[in-house]
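# Commentary on secondary and tertiary structure
Here are the chains, one letter per residue:
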Amino acid sequence: MINPMLLSFLKPHHKHAPNATHAYIRTMITLDTAAWRSGVRMTIIVVVPLLIGVLTAHLALSVMALLSALGVAFADVGGAYQNRAISMFSAAICMAVTALIATITGANPWLVTLLMFALAFFGSMLGIYGHLAGKVGFSTTLVFILVMGQPASIGVAWMRVLLFIIGAAWSLAVSLWFWPFRPFHPARQAVSGYYQAVSALLRKASHIELEQHWNEEVKKERARLQGAHDKAHHIVAGQRSQRLGAHPFNYLLLMLVLRADSIMEAVIALAEELAVARTHNYHQGEQPAFAQTMEQCAKILEQLAHTIAGNKQALRPETLERSLYTIETQEYVLRNSLPQLEKDYYALANTRKLGDPLEPKHSLVHAWLSLRLVNTRKLANLLKRMGELIGETRDLLMQSDDQEILKEMLQAGATSKGNFSCNALYAVVRERVSLFKDNLTLRSFTLRHALRLATISAAAVAIAKLLRIPDGSWIALNILFILRPDYGSTREQTVQRILGTVIGAILGMLLITALHISFLFFPVLIVLSFLCFSYQEGNNTVFILFFTTFIIIMLDLTMPEHGLVPLIRIATTLAGGGMCILASYLFWPLWERERLPQQMGRTILANRAYIASVLAAYMAGGNKQTELEAVRRASKGAHLQNVNAAAAFQRMLSEQKATENEIERLHILVTYNQRICDNVTALAAHISTRPGHDEFHQLERFSQQMKWMLLDVEDATRTGQRIAVNPPFKGMLRDVLASLSAALHQ
């Protein structure tokens, strides 16, 4: 007798989409621990020089120290202390020299225009050498724009150099004073952020409705996860290459990062299997239990993240055991349902009592049962894998002893350093020069952006100097912050900066009017500084709003008679934004709709390599370490390229020239490539559970067909040609599915 409940999946299934507005607003205004720390650190860096200036009655001089401290802080690349120190110290030296030159030459409009072009060009070109060099170039250009608007004598110039050195030293001290006491703090924070990003993705992916499986929130979480993954790998690998690399705690962090990689893949696989279950209405009555189980997994990952960051009280054994028990219980429920599913499946397969009118429904139920049986097994295996990975991570953390690690660190001797080699230095310099020469072509996006930035910045400086525009240097300053290599990003930055500046200027005028007592300005400046820099990395519009308000109140303290500052700020922002839009549109425009096909080609190539590595691991039996390592490398490349494709598509949406047909076609391409990547990740999660029989002999032919078909798709995507689906591929896919279905049901 067939269970009548098996036909329940044929009934329409309605779900109400949750109201995402409240969640979106909460996400926009919520500050995490890193944002709070950044806000506090930057507030100390910025407010203390102002306070000293007021107490010593030299507020104008203290503003110069503040500019230096702010510029050095902007050059902070984050990550390992050593990289932060190199970037900030390099910026401090370059900024001091630039302040000297800008002060002396600021009165000559032609000379300062020429210097503006050269500095903006070379500062932008430094980006080819990496994020660190790009930060130094940006801070140096920023200081030149700010100081050249205040020309003075040579004596004042040297005084400013001294103030810049003091401000830079203050910023370095506040940013790096933890280095001797907590050398592993950046690495711990990066690994902790990785676990938090995995937890956030799991929570988002497990609570969304079916029709919202590819909504914007999940896309943003995936981008954050990829960024956290790259940051953790970069910092931990960087410390291993330094003196701390031999330390056992760094080895522990590396193991935690690798464990997080496996958990990330398990989370993506779980999300895919849950999406399949929702599509076919599997486990309808068990969905609340699934959601609770996934929430427990997310909470465990958060506890692990806080423990890695240094909060020993976050990981409570009793809470962890209860959560692991919840996962095991859900796995048991799934496995307990397998015998009945198999009984119904074989009973339906062997029955011949249904008449012809019911035969289509009979076949449909038979197929539904087969898929549900496979889906249930996969979910059970994935939950088991998730529990094992969390347990292994827990064991790693519980076995580490900070006191022993600190003792070993203090006893460890410094490793011998390599001897200085002139030949090695010459090779490095030659490599850098060669890289610069390779980018001296209009085919280089970096060169085109550098020329665009240099030309438009120099034009803004020339106009401001020749027309004697009050605070005209702010136009070039806005150009430096707004202009991006592509039109879409420039347009987005312009809108955000204008909106934030207008609201911030109005708020600044209201606060100046309301606060009549000078000493009341400082509590307001402290609050504004904290809010401003807390949102610096999270919400650009909010950052600009509070930063504009902070600058207006600070300038009112310096020049109380200058009441036009808010209006000048708005006018220069409008002028700078307009010049950036025109430059991006007319001066060697870079359109994402032209670049995106090439990016999609790289994405399809990465997905093809990922599919090939996973199928090779299946054909090899899933036991060879070389195949598993190839899968991990291909997985990293595929996820990175898919995130890049999604980001490029979002930038394309801001372009006016993108047609509806292009947007729809590329959206489908981006979405399906992401789904291919996620489905391959789900397939890779089951390599270790591969059956021991030899029913996978058709995978090799299927792999070859898949390879050639994706090659055709890649070529068509890059060139814009049309292709047709290969009919033999469809037949081979049916053969493989039949073979796998027979193998899995044995």
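Residues numbered from 1 in each chain as written. Predicted model: local features only at pLDDT ≥ 70, side-chain atom pairs only at ≥ 80, totals over all residues. Heavy atoms only, no water.

### Topic: the overall build of the protein
- Scanning the protein from terminus to terminus reveals 26 helices and 0 strands.
- In the protein, buried positions account for 48% of the 746 residues.
- Contacts in the protein between residues far apart in sequence, at least 24 positions, make up 82% of those at least 6 positions apart.
- Carbon together with sulfur atoms contributes 62% to the accessible area of the protein, which is approximately 36800 Å² in total. (Helix = DSSP H or I, 4+ residues; strand = E, 2+ residues; numbered from the N terminus. Buried < 20%, exposed > 50% of the residue type's maximum accessible area, 1.4 Å probe, protein only. Contact = heavy atoms within 4.5 Å. Areas by Shrake-Rupley, 256 points an atom, 1.4 Å probe, with all protein chains shown as cover.)

### A short note on the nonpolar core
- Formed by 86 residues in total, the largest nonpolar core has its most connected members in L50, F164, I479, F533 and F550.
- Other than its neighbours up to four places away in sequence, F550 contacts V46, L50, L525, L528 and S529.
- Counting residues in each nonpolar core, the second largest holds 52 residues, with L252, I263, L304 and L379 among its members. (Core = buried A, V, L, I, M, F, W, Y, C linked by side-chain atoms within 4.5 Å.)

### Things to note about the environment of Y81
- Relative to the assigned elements, Y81 resides in helix α4 (residues 81–105).
- Given a relative accessible area of 4%, Y81 falls into the buried group.
- When the C-alpha atoms of Y81 and W179 are compared, they prove to be 6.5 Å apart, with 98 residues separating the residues in sequence.
- Once residues within four sequence positions are removed from consideration, Y81 is found in contact with S175, L176, F178, W179, R182, P183, H185 and P186.

### A look at the packing of helix α3 (residues 59–74) against α4
- Relative orientation of the contacting elements α3 and α4 amounts to 140°, with a least axis distance of 8 Å. One way to sum up the angle between α3 and α4 is to call them oblique. Here α3 runs over α4; the crossing is right-handed. Where α3 approaches α4, its residues L67, S68, G71, V72 and A73 are matched on the opposing element by M88, A92 and M95. (Axes fitted to C-alpha atoms, helices over the stretch in contact; angles between N-to-C directions. Parallel < 35°, antiparallel > 145°, perpendicular 65-115°, else oblique. Left-handed = near helix turned anticlockwise from the far one by under 90°.)

### With respect to the environment of N644
- Residue placement: N644 occurs in helix α23 (residues 625–652).
- Taking the C-alpha atoms as reference points, N644 and L596, separated by 48 residues in sequence, lie 9.7 Å from one another.

### Here we look at the packing of aromatic side chains
- Counted according to the given criterion, the structure contains 11 aromatic pairs.
- Measuring from ring centre to ring centre gives 5.8 Å for Y81 and W179, while their planes differ by 20°; the resulting arrangement is stacked. Here W179 lies in the loop between α7 (154–176) and α8 (185–207) and Y81 lies in helix α4, a separation of 98 residues in the sequence.
- By way of ring pairs, the aromatic residues F117, F121, F122 and F436 are connected into one cluster.
- Its end group placed over the ring of W474, R569 keeps NZ or CZ at 5.2 Å from the ring centre.
- Taking NZ or CZ as reference, R595 lies 4.5 Å from the ring centre of F445, over its face. (Phe/Tyr/Trp six-rings, centres within 6.5 Å; stacked < 30°, edge-to-face > 60°. Lys NZ or Arg CZ within 6 Å of the ring centre and 35° of its normal.)

### Brief notes about helix α2 (residues 33–56)
- The end-to-end C-alpha distance of α2, which contains 24 residues, comes to 35 Å, matching closely the 34 Å that a straight helix rising 1.5 Å per residue would cover.
- Along α2, the sharpest kink reaches roughly 25°, centred on V47 and followed within four residues by the proline P49.
- Turning to α2, its buried residues number three or more, namely A35, S38, G39, R41, M42, T43, I45, V46, V47, P49, L50 and G53.
- For α2, the elements touching its buried residues are α3, α4, α7, α19 (521–534) and α20 (540–558).
- Following α2 by one or two positions, A57 has its phi on the positive side, about 60°. (Expected span 1.5 Å × (residues − 1). Bend = angle between axes of the 7 residues up to and from the residue.)

### A few points about unusual backbone geometry
- One non-glycine residue, A57, adopts positive backbone phi at about 60°.
- For A57, the position within the fold is in the loop between α2 and α3.
- For A57, a relative accessible area of 66% puts it in the exposed group.
- Although it is not a glycine, D471 adopts a positive phi angle of roughly 50°.
- With respect to the element layout, D471 can be found in the loop between α16 (445–466) and α17 (473–482).

### Comments concerning the confidence of the model for the protein
- Considering every residue of the protein, the mean pLDDT works out to 78; 75% of them sit at 70 or more.
- Segment residues 210–214: pLDDT under 50, and 18 contacts once partners within four positions in sequence are set aside and those in other chains are kept. (pLDDT = per-residue confidence, 0-100.)

### Points about the packing of α2 against α19
- Where α2 meets α19, the axes come as close as 7 Å, and the angle between the chain directions of the two elements is 145°. The handedness of the crossing between α2 and α19 comes out as right-handed. The residues of α19 that touch α2, namely those facing A35, W36, S38, G39, V40, M42, T43, V46, V47, L50, L51 and V54, are F522, L525, I526, S529, F530, F533 and S534.

### Examining the pattern of salt bridges
- The tally for this structure, following the rule as stated, stands at 7 salt bridges.
- In this structure, R41 and D76 form a salt bridge, with 3.8 Å as the shortest nitrogen-oxygen distance. Note that R41 is positioned in helix α2 and D76 in the loop between α3 and α4, a separation of 35 residues in sequence. For the pair R41 and D76, a shared accessibility class is recorded, and that class is buried. (Salt bridge = Lys/Arg side-chain N within 4 Å of Asp/Glu carboxyl O.)

### Concerning the side chain of T549
- Assignment of secondary structure puts T549 in helix α20.
- By relative accessible area, T549 is classed as buried at 0%.
- A polar contact of 2.9 Å, which involves the side chain of T549, links it to the backbone oxygen of L545.
- Apart from the residues within four sequence positions on either side, T549 is in contact with G504, L507, G508, L511 and L528. (Polar contact = N/O pair within 3.5 Å; in protein donor to acceptor, adjacent residues only side chain to side chain.)

### Quick notes on the side chain of T603
- Mapped onto the elements of the fold, T603 is located in helix α22 (residues 592–619).
- Taking the relative accessible area as the measure of exposure, T603 reaches 0% and is therefore buried.

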